Protein chains: 2
Amino acid sequence: MDLVLGIDGGGTSCRAALATASGVVLGRGKSGPANIMTDLQGARHNIVDAARLAFVDAGRDPALIPETDAVLGLAGTNVGGYKQQLLDILPFRRSLVESDALIALNGALGDHDGAIAIIGTGSIFMSRKGKAMQTIGGWGFMVGDLGGGARIGRDLLQETLLAHDDIHPASALTQAVLEHFEGDPREIVKFAAASKPADFGTFAPMVFEYVAQGDAVAAKVLARAVADIEEALDALKLSPDQWLCLLGGLAALIGPHLSARYQPMLHAPEQDALGGAVAMAAKLFGTAGVPAHV
Amino acid sequence: MDLVLGIDGGGTSCRAALATASGVVLGRGKSGPANIMTDLQGARHNIVDAARLAFVDAGRDPALIPETDAVLGLAGTNVGGYKQQLLDILPFRRSLVESDALIALNGALGDHDGAIAIIGTGSIFMSRKGKAMQTIGGWGFMVGDLGGGARIGRDLLQETLLAHDDIHPASALTQAVLEHFEGDPREIVKFAAASKPADFGTFAPMVFEYVAQGDAVAAKVLARAVADIEEALDALKLSPDQWLCLLGGLAALIGPHLSARYQPMLHAPEQDALGGAVAMAAKLFGTAGVPAHV
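Within each chain, residues carry numbers counting from 1 in the order of the written sequence. Both sets of labels track the order of writing: A upward for chains, 1 upward for ligands. Selection of residues for local features in this predicted model requires a pLDDT of at least 70, selection of side-chain atom pairs for listing and counting requires 80 or more, and totals for whole chains, interfaces and linings are taken over all residues. Water and hydrogen atoms were dropped before computing side-chain values, which therefore reflect all heavy atoms in the structure.

You'll find chain A entered in an unreviewed UniProt entry as N-acetylglucosamine kinase, with Pseudaminobacter soli given as the organism.

Rendered as structure tokens:
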């Protein structure tokens, strides 16, 4: 019997699932990071290791890896020549390397038309209507990723400095942020100069916490993020019967704050990204159907 | 006859003026950068060198430096212990080290009450009403410096990406920016990730150029910058009879776009920052009057 592999590789870990040709998962494996942009050989090693562990978990012989087809969802596939470099050294029989967002979309929507919004440290939006795919947003927190946690955190630090200068009103939230920096706005500036997006993102949960307490600055920062997210969703021109799945670390926090027009479209994801990769592999290489969506 | 020195030190050069006790300039000198945060000894060297050249220019003996009082305006005086470290090694008889903004304010306003807005790569606002001084803004472009050139440039790059994604409308300006990056939005992301504030600031002049041509995106980006600047000015609570001097690289471009309520308050600076340092030195150490504003 032919087997297929689904692989979901990210900056912190790589997961693999071994499945039958019709997409029934037989075993799973997990290994270290698979970041093809920063460590191509390390990524290849962890991808193969996760696959090997999935074979072992399924009670199958990992020696079959070179006879197995795989769908891989990875970050960085749209940048430079990383994708082709990886394809050249992968050990699978046939490999399809796609973006991490695409396998997440296929997992979340299943066979439904609609879109995903991945709202974590960054933000990216992807829709599928029949065979038509569209991806917008992303681009990193410096000039993009609007509505993501890093932008929310950066916005909060800016509001705290504006409040300190009496340019905008202060609130319990800006007071709490300033106290976090020992009352010294220069410490905020130092933090901002030294911080990565994820560091800014650590301030996003405070915004949601203070919104629940009626804080005006928190409400303003959140309203800006929600407006940015909805402008991106609007650009996808979804119809009311299509699905909208929120994914990423802030999905559960953002969901309740979306406008009434998007509330009825919200659905829980059918499967996670790894499930999406398996489903794509079964459709493309197995017996699960015509590869309509790859 | 007693002499006084005014010194204006910055990241690219240091200028000195030697003046009589009543503030009449006798000679000037210019040397290299005086950045006390990155190179204290180098800053000290260039400060003394500029002073020495001012003595020579005035036909006076530089050996008089240790008998001369000086007012120095320098960046970085509010950070860490740099100011005290510099004071410990300066060769002048008495030294007053103040911020670069304060000498600029004293030069621009002369004896008038009012404020300066320094709009260059960054933005900072400073008012003086009698003896009451207030400084707001600054804080760097990541979480502050609203309305400055770096923020205008960053905002323009973001609008270009939003237009590329059909989230916001495109315009001749966003087309021109995208063409600058060879039509590839990923090049904008790369630029943003690698750029310093001044690099973002290089895009600010395009905004003013396209505003003059009626470009809608340019108008929106400029309107945001003007609104941010006026929010800061509003916080200074100036009265209509007080002076407002715009300084910095974007002053001449921003001025005409300020609201009607600020137009009558705009005045050309009486003197530059070096003139402000000389005036302060003559008042504090010379015979030009009681040191009302230092």
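> Before we move on, could you go through the overall build of chain A and cite the residues and values that matter?
Counting from the N terminus, the helices are DSSP H or I runs at least four residues long and the strands are E runs at least two residues long. A count of helices and strands for chain A gives eleven helices and nine strands. Against the 2.2 N^0.38 benchmark of 19 Å for 294 residues, chain A shows a C-alpha radius of gyration of 21 Å, consistent with a compact globule. Each residue gets one of three labels from its accessible area relative to the maximum for its type: buried under 20%, exposed over 50%, partly exposed in between, using a 1.4 Å probe on protein chains only. Relative to its full complement of 294 residues, chain A shows a buried share of 52%. Any two residues whose heavy atoms approach within 4.5 Å are treated as being in contact. A sequence separation of at least 24 residues applies to 61% of the contacts in chain A between residues at least 6 apart. Only the protein chains shown count as cover for residues, and the accessible areas themselves come from Shrake-Rupley with a 1.4 Å probe. Of the accessible surface of chain A, which amounts to about 12100 Å², a share of 54% is contributed by carbon and sulfur atoms. Charge convention: Lys and Arg are scored as positive, Asp and Glu as negative, and His as well as the terminal groups of each chain are ignored. Positions of charges follow a simple convention, taking NZ of Lys, CZ of Arg, CG of Asp or CD of Glu. Taking the average location of the 22 positive side-chain charges in chain A and that of its 32 negative ones, the two points are 6 Å from each other. Radius of gyration: C-alpha atoms only; globule rule: 2.2 Å multiplied by the number of residues to the exponent 0.38.

> Run through the packing of aromatic side chains, naming residues and quoting values.
Each aromatic pair joins two rings of Phe, Tyr and Trp (for Trp, the six-membered one) with centres within 6.5 Å, and gets the label stacked for planes under 30 degrees apart, edge-to-face for over 60, and tilted for any other angle. Scanning the model with the defined rule gives ten aromatic pairs over all chains in all. When the ring of Phe-181 of chain A is compared with that of Phe-203 of chain A, the centres are 5.8 Å apart and the planes differ by 20°; the resulting orientation is stacked. Separated by 22 residues along the polypeptide, Phe-181 of chain A in the loop between α5 (172-180) and α6 (185-194) and Phe-203 of chain A in the loop between α7 (197-201) and α8 (204-212) bring together distant segments of the chain. Look at Phe-191 of chain B and Phe-203 of chain B: their rings are 5.5 Å apart centre to centre, the planes differ by 85°, and that puts the pair in the edge-to-face class. With Phe-191 of chain B in helix α6 (residues 185-194) and Phe-203 of chain B in the loop between α7 (197-201) and α8 (204-212), this pair connects stretches of sequence that are twelve residues apart. On the basis of relative accessible area, Phe-203 of chain B is assigned to the buried category, the value being 4%. Only Lys NZ and Arg CZ are tested; either one counts as a charge over a ring when it is within 6 Å of the ring centre and within 35 degrees of the ring normal. Positioned above the aromatic ring of Phe-141 of chain B is the side chain of Arg-154 of chain B, whose terminal nitrogen or guanidinium carbon lies 5.1 Å from the ring centre.

> I'd love a proper account of the relation of the copies chain A and chain B, names of residues and values included.
A least-squares fit on C-alpha atoms brings the copies together, and the residues used are those whose pLDDT is at least 70 in both copies. Note on the identical chains: chain A maps onto chain B by a rotation of 180° and an axial translation of 0.1 Å, with an RMSD of 0.1 Å. Given the turn and translation reported, the copies of this chain are related as if by a two-fold rotation axis. Closest approach to the rotation axis among the C-alpha atoms of chain A is made by Met-142 of chain A, whose C-alpha sits 4.4 Å away. In this assembly, 100% of the residues forming the interface of chain A have copies in chain B that are likewise at the interface, indicating an isologous arrangement.

> Before we move on, could you go through the interface of chain A and chain B and cite the residues and values that matter?
Facing the 30 residues of chain A at the interface are 30 residues of chain B. Put simply, buried area is the surface a 1.4 Å probe can reach on two separate parts but cannot reach once they are joined, added for both. In this assembly, chain A packs against chain B so that about 2600 Å² is buried in total across both faces, 64% of it on carbon and sulfur atoms. If you sort the residues of chain A by the area they bury against chain B, Trp-139, Met-142 and Val-143 of chain A come out on top, with a joint share of 29%. Definition used for salt bridges: Asp or Glu carboxyl oxygen within 4 Å of a side-chain nitrogen of Lys or Arg. At the junction of chain A and chain B, the tally comes to zero salt bridges. A 3.5 Å cut-off defines polar contacts: any pair of N or O atoms within that distance qualifies, except that in protein one atom must be a possible hydrogen donor and the other a possible acceptor, and neighbouring residues in sequence count only when both atoms are side-chain atoms. Summed over the shared surface of chain A and chain B, the result is eight residue pairs in polar contact (both at pLDDT 80 or more). When contributions to the side of chain A that touches chain B are tallied by element, the ones reaching two or more residues are β8 (132-137), α4 (149-164), α6 and α9 (216-235) of chain A. The dominant element in the side of chain A that touches chain B, judged by the number of residues it contributes, is α4 of chain A, at seven residues.

> Hey, could you go over the domain arrangement of chain A for me, with residue numbers and the actual values?
Segmenting chain A into domains produces domain 1 (3-112 + 270-284) and domain 2 (137-265). The centre of domain 1 of chain A, based on its C-alpha atoms, is set 33 Å off from the matching centre of domain 2 of chain A. Note that the domain bounds reflect an automated or database-derived domain assignment.

> How would you explain the sheet that holds strand β7 (residues 123-129) of chain B if you had to name every residue and give the values?
Residues and elements named next belong to chain B. With mixed pairing, the four strands of this open sheet are ordered in space as β8-β7-β6-β9. Both edges of this open sheet fall to β8 (132-137) and β9 (243-247), since each of them pairs with a single strand only. Taking the axes of each pair of neighbouring strands and ignoring which way they run, one obtains an average angle of 15° across the sheet. When DSSP locates at least two bridges between a pair of strands, those strands are taken to pair. Here β7 runs beside β8; their pairing, made up of six bridges, is antiparallel. Note that in β8 the partner of Ile-124 across the bridge is Gly-137. To obtain each axis, a line is fitted to C-alpha atoms, and for helices this fit is confined to the stretch in contact; angles are then taken between N-to-C directions over 0 to 180 degrees.

> Please give an account of the UniProt feature "domain: ATPase BadF/BadG/BcrA/BcrD type" (unreviewed entry) in chain A that cites residues and values.
UniProt positions are given in the numbering used here, feature names are shortened, and annotations may be inferred rather than shown by experiment. When the UniProt feature table is mapped onto this chain numbering, "domain: ATPase BadF/BadG/BcrA/BcrD type" (unreviewed entry) sits at residues 5-251 of chain A. Secondary structure content for residues 5-251 of chain A is 42% helix and 22% strand, and the end C-alpha separation is 28 Å.

> So what about the sheet that holds strand β2 (residues 14-20) of chain B? Which residues, and what values?
In sheet architecture, strand pairing relies on hydrogen bonds along the backbone and comes in two forms, parallel and antiparallel. All names here are of chain B. Taken in spatial order, the five strands make up an open sheet running β3-β2-β1-β4-β5, and their pairing is mixed. Of all strands in the sheet, those bounded by a partner on one side alone are β3 (25-31) and β5 (95-99). Here the average twist between neighbouring strands, direction ignored, is 15°. Set on the sheet, helix α11 (residues 273-285) makes contact with β1 (3-9), β2, β3, β4 (69-74) and β5; between it and β1 the angle comes to about 145°.

> I'd love a proper account of the pairing of β7 of chain B, names of residues and values included.
Residues and elements named next belong to chain B. Counting buried residues along β7, five of its seven residues qualify, which places the element largely inside the surrounding structure. For strand β6 (residues 114-119) and β7, the ladder comprises six bridges, and the chain directions are antiparallel. Looking at β7, one finds that Ala-115 is bridged to Ser-127. Taking the residues between adjacent antiparallel strands as the criterion, β7 and β8 are bridged by two residues, where Gly-130 takes a positive phi near 60°.

> Talk me through the packing of helix α4 (residues 149-164) of chain B against helix α9 (residues 216-235) of chain B; I want residue IDs and the actual numbers.
Residues and elements named next belong to chain B. It is the contact of α4 with α9, at a shortest axis distance of 10 Å, that shows an interaxial angle of 140°. For the element pair α4 / α9, the angle class is oblique. Relative to α9, the crossing made by α4 is right-handed. For the pair α4 and α9, contact is made by Ile-152, Asp-155, Leu-156 and Glu-159 and by Val-217, Lys-220, Val-221, Arg-224 and Ala-225, respectively. Roughly parallel means an angle under 35 degrees; roughly antiparallel, over 145; roughly perpendicular, 65 to 115; everything else is oblique. For a crossing to be left-handed, the near helix must be turned anticlockwise from the far one by less than a right angle; the clockwise case is right-handed.

> Any details on unusual backbone geometry? Residues and values, ideally.
Unlike most non-glycine residues, Asp-166 of chain A shows phi in positive territory, near 60°. Topologically, Asp-166 of chain A is positioned in the loop between α4 and α5. Residue classification places Asp-166 of chain A among the exposed positions, given a relative accessible area of 58%. Of note, Glu-182 of chain B is a non-glycine position whose phi angle comes to about 55°, a positive value. The class of Glu-182 of chain B is exposed, set by a relative accessible area of 72%.

> Give a detailed account of the environment of Thr-121 of chain B, specifying residues and quantitative values.
Residue and element names in this part refer to chain B. Among the secondary structure elements, Thr-121 is positioned in the loop between β6 and β7. Given a relative accessible area of 36%, Thr-121 falls into the partly exposed group. In sequence terms Thr-121 and Gly-153 are 32 residues apart; their C-alpha atoms lie 9.4 Å from each other. Setting aside chain neighbours within four positions, we find Thr-121 in contact with Gly-148, Gly-149, Ala-150, Pro-197 and Ala-198.

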